[in-house]
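# Descriptive structure summary
So the chains spell out like this:
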Amino acid sequence: MKKLIYVLLFLGWAVTLPSTELKIVENDLRAISEKVTSATVRISTLYHESSGTLITSNGFVLTIKDRLTRGNEVSVLLADGKRHVGKVAATWPYYGMALVKIDTTNAPFVPLGDSRMVEVGDQVISVGNAFNSSSGRATRCAVNYGIISSRTTMETDKVFFTGKVFTTDARINKGQEGGGVVDFSGHLIAINGEAVLSNQTNAFVSVALPIEGVMEGINSHIKNELPVVDGRQKIVGITLDDRSLLTGGIKVHSISKYASQGGVKKGDLILKVAGQEVNNLFELDAVVMSLSLNRLVEVKVYRKSKVLTRYVVLQESMPINSMLLSEAYRNAVDKVSPSVVRISFEKTSNETSTALHDPNSFQLGHGPFTGVVYRRDGYIMTTSFIFPSVHEKIIVELFNGKKYVAKKLGEDTGRNITLLKIEADDLIVPKFVSKEQVGIGSTILSLGRTFGENIPEVSRGIVSALNRSAGKAIQIDSNLTPGNFGGPSIDLDGQIIGINIPQANIGSGRRGGTVGGEFSGSGIGFVIPCSDIDLLFNDLKNGKKLEPAFLGISFDLNANNAKITRVIEGAWFLDSGLEKTQQNKFHELNNIFMKQGLRFTVGQFNEFKKVAVKKNTGAWTAGLRKDDVIVEFNGQKIVSYNMLMNVIGRLNSGESVTFKVKRFGIFRDVKAVLGSRGLVLR
Amino acid sequence: MKKQLISLMVICALLISTQGVSDDFVISKAKLIEKERQDLIAQLSPAVIAVQSMPDMNSNNLNRRFGGGNGSGVIIDPKGYALSNFHVTEYGPIKVGMVDGRLHDAKVIAYDEGSDIVLIKIEGDKDFPYVDLGRSSKVKVGDTTLAMGNPFNLATDYKPTTTLGILSGTNRYLSGMGNTHVLLYTGVLQTDTPINPGNSGGPLFNRKGELIGINGRISLASRSQQRENYKVNVGVGYAIPIDTVKKYLPTMKRGVDASHGVLGLSLLDLDKVTISSVLPSSPAKKLGLRQGDQILEINGKQPQDKYDAIHMIVELPAGTKIVIKVKRASPLGEGLIEETQYTIKLKSRPIPMNMAKNAKPTEIRNFDFVTKNEFVKTGEGVKGELDQIIDKFRVVNRDPLNNIDHEDGLVWLMETRMVNVATSTVKRSVAGDVITLFKKGNYFLERYEFYGKNMPIGIKGFAYGKGWKNSSREINKFTLSENEIVSHNYERRQHWYGAKTSSLYSLGLKEKKYKLENRMCYQLLETYDGKGYYHYIDRATGIEIAESALDKEGKVISTIIYKKWGRVEGKIVPLVWEKKNDNGELIQIFQVQKLSYGMEVDPLIFEYQPGVYF
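Parameters at a glance
- Residues numbered from 1 in each chain as written.
- Chains lettered and ligands numbered in written order.
- Predicted model: local features only at pLDDT ≥ 70, side-chain atom pairs only at ≥ 80, totals over all residues.
- Heavy atoms only, no water.
- Helix = DSSP H or I, 4+ residues; strand = E, 2+ residues; numbered from the N terminus.
- Buried < 20%, exposed > 50% of the residue type's maximum accessible area, 1.4 Å probe, protein only.
- Contact = heavy atoms within 4.5 Å.
- Areas by Shrake-Rupley, 256 points an atom, 1.4 Å probe, with all protein chains shown as cover.
- Phe/Tyr/Trp six-rings, centres within 6.5 Å; stacked < 30°, edge-to-face > 60°.
- Salt bridge = Lys/Arg side-chain N within 4 Å of Asp/Glu carboxyl O.
- Pairing = 2+ DSSP bridges.
- Axes fitted to C-alpha atoms, helices over the stretch in contact; angles between N-to-C directions.
- Core = buried A, V, L, I, M, F, W, Y, C linked by side-chain atoms within 4.5 Å.
- Polar contact = N/O pair within 3.5 Å; in protein donor to acceptor, adjacent residues only side chain to side chain.
- Patch = residues over 30% accessible without salt bridge, like charges linked within 9 Å, V, L, I, M, F, W, Y side chains within 5 Å.

## A few points about the overall build of chain B
Helices and strands together make up the secondary structure of chain B, namely eight helices and 35 strands. Taking all 614 residues of chain B together, 58% fall into the buried category. When contacts within chain B are restricted to residue pairs at least 6 apart in sequence, those whose partners lie at least 24 apart make up 63%.

## Let's talk about the overall build of chain A
Within chain A one finds 13 helices and 43 strands. Counting every position in chain A, which comprises 682 residues, the buried fraction comes to 60%. A total accessible area of about 27200 Å² is found for chain A, and carbon and sulfur atoms account for 50% of it.

## Points about the packing of aromatic side chains
Residues and elements named next belong to chain A. Taken as a whole, this structure holds 12 aromatic pairs over all chains when the rule is applied. Note on phenylalanine 385 and phenylalanine 485: the rings are 5.4 Å apart at their centroids and 90 degrees apart in plane angle, and the pair reads as edge-to-face. A residue pair is termed long-range when its members are at least 10 positions apart, and phenylalanine 385 in the loop between strand S23 (379-383) and strand S24 (392-397) and phenylalanine 485 in the loop between strand S29 (473-476) and strand S30 (488-490) qualify at 100 residues. Judged by centre distance (5.2 Å) and plane angle (65 degrees), the rings of phenylalanine 633 and phenylalanine 659 are edge-to-face.

## Some points on the pattern of salt bridges
A full pass over the atoms with the stated rule returns 27 salt bridges over all chains. Here Asp105(B) makes a salt bridge to Lys95(B), at a shortest N to O gap of 3.1 Å. Taken together, the positions of Asp105(B) in strand S5 (residues 103-112) and Lys95(B) in strand S4 (residues 94-97) put the pair 10 residues apart, joining distant regions of the chain. Connected through shared salt-bridge partners, Glu119(A), Asp122(A), Glu327(A) and Arg330(A) make up one network.

## A few points about unusual backbone geometry
For Asn202(A), which is not glycine, the phi dihedral falls at a positive 60 degrees. For Asn202(A), the position within the fold is in the loop between strand S11 (188-197) and strand S12 (204-210).

## Observations regarding the side chain of Asp112(B)
Note that Asp112(B) resides in strand S5. Look at Asp112(B) and you get buried, because its relative accessible area is 0%.

## Overview of the sheet that holds strand S39 (residues 629-633) of chain A
Residues and elements named next belong to chain A. The four strands are arranged S40-S39-S41-S42 in an open sheet whose pairing can be described as antiparallel. Strands at the two margins of the open sheet, each flanked by one partner only, are strand S40 (636-637) and strand S42 (666-673). Bridge count for S39 against strand S41 (residues 656-663) is four bridges, and the pairing is antiparallel. Residue pairing in the sheet places glutamate 632 in a bridge with lysine 660 of S41. Those strands touched by helix H13 (residues 641-648) are S39, S40 and S41, and its axis lies near 45 degrees from that of S39.

## Some details on H13(A)
Here H13(A) lies mainly inside the structure; seven of its eight residues are buried. Looking only at H13(A), the buried set comprises Tyr641(A), Asn642(A), Leu644(A), Met645(A), Asn646(A), Val647(A) and Ile648(A).

## Side note on the pairing of strand S5 (residues 83-92) of chain A
The side chains of a regular strand alternate, first on one face of the sheet and then on the other. Residue and element names in this part refer to chain A. In this structure, strand S4 (residues 73-77) lies alongside S5, joined through five bridges in antiparallel fashion. Bridged to valine 74 within S5 is glycine 86. Hairpin connection from S4 to S5: five residues lie between these consecutive antiparallel strands, with glycine 81 at a positive phi of about 95 degrees. The pairing of S5 with strand S6 (residues 97-101) spans five bridges and is classified as antiparallel.

## A look at the nonpolar core
Membership of the largest hydrophobic core comes to 54 residues, with the highest contact counts inside it found for Ile49(B), Leu83(B), Ile120(B), Phe205(B) and Leu211(B). Setting aside its immediate chain neighbours within four residues, Ile49(B) contacts Ser72(B), Gly73(B), Val74(B), Ile75(B), Ala82(B), Val96(B), Gly97(B), Met98(B), Ile120(B) and Ile122(B).

## So, the side chain of Thr559(B)
All names here are of chain B. Along the chain, the position of threonine 559 falls in strand S31 (residues 556-568). The exposure class of threonine 559 is buried, given its relative accessible area of 11%. Within the local environment of threonine 559, its side chain forms a polar contact with the side chain of serine 548, the two groups lying 2.9 Å apart. Ignoring anything within four residues of it in the chain, the contact list for threonine 559 reads Tyr536, Ala546, Glu547, Ser548, Glu578, Lys579 and Lys580.

## Focus: the environment of Pro93(B)
Residue and element names in this part refer to chain B. Tracing the sequence through the fold places proline 93 in the loop between helix H4 (86-89) and S4. Residue classification places proline 93 among the partly exposed residues on the basis of a relative accessible area of 45%. Once the C-alpha coordinates of proline 93 and aspartate 105 are considered, the two residues, 12 residues apart in sequence, prove to be 8.7 Å apart.

## Notes on a nonpolar patch on the surface
All names here are of chain A. On the surface, Leu269, Tyr302 and Val307 cluster together into a nonpolar patch covering about 250 Å² of accessible area. Mapped onto the elements of the fold, leucine 269 is located in strand S16 (residues 269-273). Given a relative accessible area of 31%, leucine 269 falls into the partly exposed group.

## Side note on helix H7 (residues 306-314) of chain B
One turn of the α-helix equals 3.6 residues, which is why residues spaced by three or four share an orientation. Residues and elements named next belong to chain B. The buried count for H7 comes to eight of nine residues, which makes it a mostly enclosed element. When H7 is considered as a whole, its buried residues turn out to be Tyr307, Asp308, Ala309, Ile310, His311, Met312, Ile313 and Val314. With a side-chain oxygen positioned 3.2 Å from the backbone nitrogen of tyrosine 307, the residue opening H7 is aspartate 305.

## Regarding the pairing of strand S1 (residues 48-53) of chain B
Residue and element names in this part refer to chain B. Along S1, six of the six residues are buried, which leaves the element largely enclosed by surrounding structure. With six bridges joining them, S1 and strand S2 (residues 69-75) adopt antiparallel strand pairing. By the bridge assignment for S2, valine 51 is matched with glycine 71. In terms of strand pairing, S1 meets S4 through four bridges, oriented antiparallel. Residue pairing across strands places serine 53 opposite isoleucine 94, the latter belonging to S4.

Laid out in structure tokens, this is it:
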């Protein structure tokens, strides 16, 4: 069967019709994983342990430099379980890489690719011996899958590289350093760095070192040792105009990066390839099949009444499906990119608010962080988490570089979101999608703008669950960190589902009130749906500080109904009419309470009474008592505590609600006003 | 070919009506994949359950009384049989949460402690949604994997959390934890699907929705700079392959606990798999196997390395007769001789006392002293230096979200201090010495621990006092007798310096008789850094058995009672601490567990927290 290479997109789709989509993607991954793991090695010396990749059949291995120096002897364990003694042939300190040579023939290897061609959104696998999980001699190194999140310079204390690096959402862990990062055409385009701490966000970022800087150096060492070509698909890198199929002649519709480098443009008509006339696809196919990879090919094109000569390097093709997937990701990101803003801070004074420096909480870096354009006339939505102190000037930078000073308007402390306002009225507003359209398993792309690149940082995942954090958030499994908190999570159509936050306050128990970055990078992330934010927008616009509702009731978690086990009578609240110094006193006392554990009596701290007022909880005032069973809430039937929590959890303090309550077999209606959580004393 | 051309034409026709290769086409592939995935998840969700293990107040067993954990599970049979991890359900009675938002009763049918699997049955007669078992031998690295479960107990409605990743590796080996090597995982799957504490026991599916593994352990690392102790999944998770489970499933369905085999060997990875030591009264010992012997074949297969060999043995049930080919090492050390084939019967692995379903409840004694032999061994050759570190220990607080200070080695609670400080010197004394305990300088506390030949005799001297600089006071004087002293442990801590020290107290140290937990002790009051503490010294043994933190008025806020003792870094320290509040209610338990060197692996349990306020 003849392959019509230049109708890749069309034919590929046709051929794959009978199978399921997931299977196709999987086959690509299986094939690449098998190939790459067989070429991945483990390198060790007394003071250096890393993974590495064989890049030639005669035993050249590319790895991370770490503490290796030229001439060192190292022990290299191959995937077949055989151990070799190797020598470090070269090191490149600025690029963080080293080349090792072992004596062997016919070793499986991964050919080098051109890391300059790699784009954000490209799928990659990262291979290596993370956590020494490949401890046995016969177990292969592990494979992690992800996409290229960005290409940027990293601000980090741990410097083992210079220049721009890739960041990826494929996890890179201890032991994996030096292993290969391979794209879906099966080429090595980078090697694993490690998870480094970003000075900007204090989040860990998986860093991979692109190989372009060392290509020349490597080539001079491997000299004539070119990778053996085994008949894989070759392409020039053009996709054709559909009309060409029917009318003949090859008109270029769009170019891949490979062909564009050679100067072929959209709209060109292809006349000759490698000196031979080509009138249709079959002829083109025949010519290309006879050529070799990595060679310059002369292409004559007809453009604007002129015949031009261009040179293209034949490249290996990536499997269609991965190309399409990555292209789809990029398209989605492009749609939203103009609405993703960068938020940074400038200190205006030396004073820092002590109240917020809870040593238990996540310490942020200095930024910049991310936000989203919400309304054309200057409204920006982000997360409250990124505002560490009250005395900082907030600067918002748009995608085009324009900077504005921003004013903080309202915030929802339960949902962890803050609304900002800048003096602009022509902002590009993204498309939003309502949360009803979001299903479990939907593809998610989470964006951030910490690094100052044109394209936002992207991390890919799926929707893990709905109605989390007391009904306030959607849970996703993409890599959410301070690098993208405040930024959007979007669907494949480039529509914004919601704003990324650390965790919505679930308002319960010991941990009520603390939201840190505990889940950062764990595959557990939360997004506040835009459709919910829309309902609160006016309050936020008016500068309101919304607190999560607190009724003051506790339930038996194991019962299959909403039966109240305890009603808290009263709570102490900071008297909002207090002076600043008194507020500080309050927070100081608060810290002491925290250190002592939860139990204390008001009598211990008489000063406390001076700065706080006691209010009865909404539940107590409404007459709810122990053993009442809540059967209806705001007209909605309630069958369990969980259900009630998800409903109340979405509300903020100050709202009036109604309950239908059953006590001793009698039903009654109760009205209550939702309070907010202060310090609860017993 | 013809078929393809036709479809090609059709597609072209369709596309011509748009603008050629449009964005919609690009996205269509991704959307098809997304739709397939969504449909699959919707189909599988009803069979995924949240498993809650309740504390059993009536149990004598420490773990059952104060434990409790959250994990996940998956229903594999319409009658309601489900799989989960052994370590999720070991604590006590269980309930399962299902997608209907309700908790259902369930009971354990059988354990497979060796594989870390448990078979449970949900009460009820109806037809339960279930999943098909796949074949883990068919999965390949790169395959899509979906994990479903209840990490961090985030599913208040018991609807499972779904995460996506790929199969990262196969045939992984994780060493077990503790003395009995619990949670030894051999031949397991590795995945980068995000799984976190709470996912334990939950399913790992392939793209067809077949169950290929049960998630069990993860490698943790901290991903937040400040909260070094807060460790989360970083893309390395492990699942027990379903083929392993299938081996024991028929037995377990009959209600019989699975028992895995042991040979009683510890192995080395040299050129061949070599025996490094043999356990006494084990099948290997009975055969006469020795250190240095090489294992060439197990049941006709050559083990690739020691992990492979362990996997081959552990996979089999106890009582199985296996044939091993061994190359014996000459006792004279002159190289290896003879290749011999032995038939050997595997013994069952020792099950820790708190884990077997049918185990009798064991009384937990307060003090477990080390044996004389152990002590003497580490006491040798020590002159003013720390004992060599025997094991590295780390306290595992069963609530991973609590912030406690971690160190490789001993752990210090943030609110209270352990009395034993990590650095100390061990000096030698001889019989006949007269030991005088002095206090020099200011307010301080000195402890003198003495170890006898037979057992530690505890704190003989407890010097304390109050005063200003340059004063001294003789506190205690006693003579060492012949057989009594081998070495003593001395430490001194200075609390205050001079008159400028601020203090909320001006109470002196008092020694009172006190009865704590039915043991007669001395209650000593100490003030340090403006806070007050009671130390309770057991009168019978002289060992400190508890410490209370006091408030400004001198009232007890909380008490930590030390239970179950052992050795850490050569010192006798308590391995289980119970923290009680001022009402005497137990609020926290800390337990010291041994870490495997080189890897940080934790079971995926999330602590059950009662008393959530809303």
